[in-house]
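Secondary and tertiary structure notes
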Amino acid sequence: MKRKLVFATNNAHKLEEVAAILGDQIELLSLNDIDCHTDIPETADTLEGNALLKSSFIYNNYGLNCFADDTGLEVEALDGAPGVYSARYAGGEGHDAQANMLKLLHELEGKENRKAQFRTAISLILDGKNYLFEGIIKGEIIKEKRGESGFGYDPVFQPEGYDKTFAELGNDIKNKISHRALAIQKLCEFLQR
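Where an unreviewed UniProt entry is consulted, the chain appears under the name dITP/XTP pyrophosphatase, with the organism given as Bacteroides finegoldii. Quoted verbatim from the Subunit (unreviewed entry) field of UniProt, the annotation for the chain is "Homodimer." Recorded in UniProt for the chain, the comment headed Sequence similarities (unreviewed entry) runs: "Belongs to the HAM1 NTPase family."

Listed below in C-alpha cells is the structure:
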C-alpha cells in the first residue's frame, strides 16, 4: 500500500516538480486535496522555521503526515538577501516574480560578485516527529533574464557548471539538479529506509 503524504502547498509548479521526483512511491496530496484552504502564515525568520510552521499546522489540525518546504535565494553580495523574503522581496501583495527579479537585478547593478545559492529547507512531520532536510545549489545571478520555463528567479539564476539559466535548462534537467530536488531526494531516501 502506498504511503500518503501531504505536501503543504498549493503551488502547482512545486507539486508537479516534487511529484516528478517522488515518482510513484508515495501518494502525494496537496492542501486542496485535504480541503485545507487556510493561508498558513510564514512568519519565521528562517527557511527551516517557515517549513516547520507549515508542516506543524497540517499535522496539528488534520492529523496527517506532512512535509513543507521553504526556499530562499541567498546572494553573497547582498549579505544573503533576499533569503527568507525571496517570494515577497519587492513588497506588495502575493508573489510577484517579475518585480522581485527586477529589484534583485537593480540591487546588483555595478556589483562584480554575483555569486548566489538557492537553498531549500524541508520539514517532515511523520507520526509526530519532525525531521529536517536541506538542499543547496550554487550559481550566480546573470545580468538579464533568459529562458521561459520554471518560475520565480529561474530566468536570472545560472547554476554552477552550466551555461544556461534554470529557465533555459527546462524542467527535466532542473528537477534533477535543483535545490528542491536535492532536498526531496534526501526526503525520499529517508522515507525508503
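**Topic: the packing of helix 1 (residues 12-22) against helix 6 (residues 179-192)**
Where helix 1 meets helix 6, the closest approach of the two axes is 10 Å, and the angle between their N-to-C directions is 45°. Judged by the inter-axis angle, helix 1 sits oblique to helix 6. Viewed along their axes, helix 1 and helix 6 form a crossing whose handedness is right-handed. Contacts between helix 1 and helix 6 involve Lys14, Glu17, Val18, Ile21 and Leu22 on the former and, on the latter, Arg180, Ala181, Ile184, Gln185 and Cys188. Tallied by class, the residues present in the contact of helix 1 with helix 6 amount to 6 nonpolar, 1 polar and 3 charged.

What counts, and at which threshold
Residues numbered from 1 in each chain as written. Predicted model: local features only at pLDDT ≥ 70, side-chain atom pairs only at ≥ 80, totals over all residues. Heavy atoms only, no water. UniProt positions renumbered as here; feature names shortened; annotations may be inferred. Axes fitted to C-alpha atoms, helices over the stretch in contact; angles between N-to-C directions. Helix = DSSP H or I, 4+ residues; strand = E, 2+ residues; numbered from the N terminus. Parallel < 35°, antiparallel > 145°, perpendicular 65-115°, else oblique. Left-handed = near helix turned anticlockwise from the far one by under 90°. Contact = heavy atoms within 4.5 Å. Nonpolar A, V, L, I, M, F, W, Y, C, P; charged D, E, K, R; others polar.

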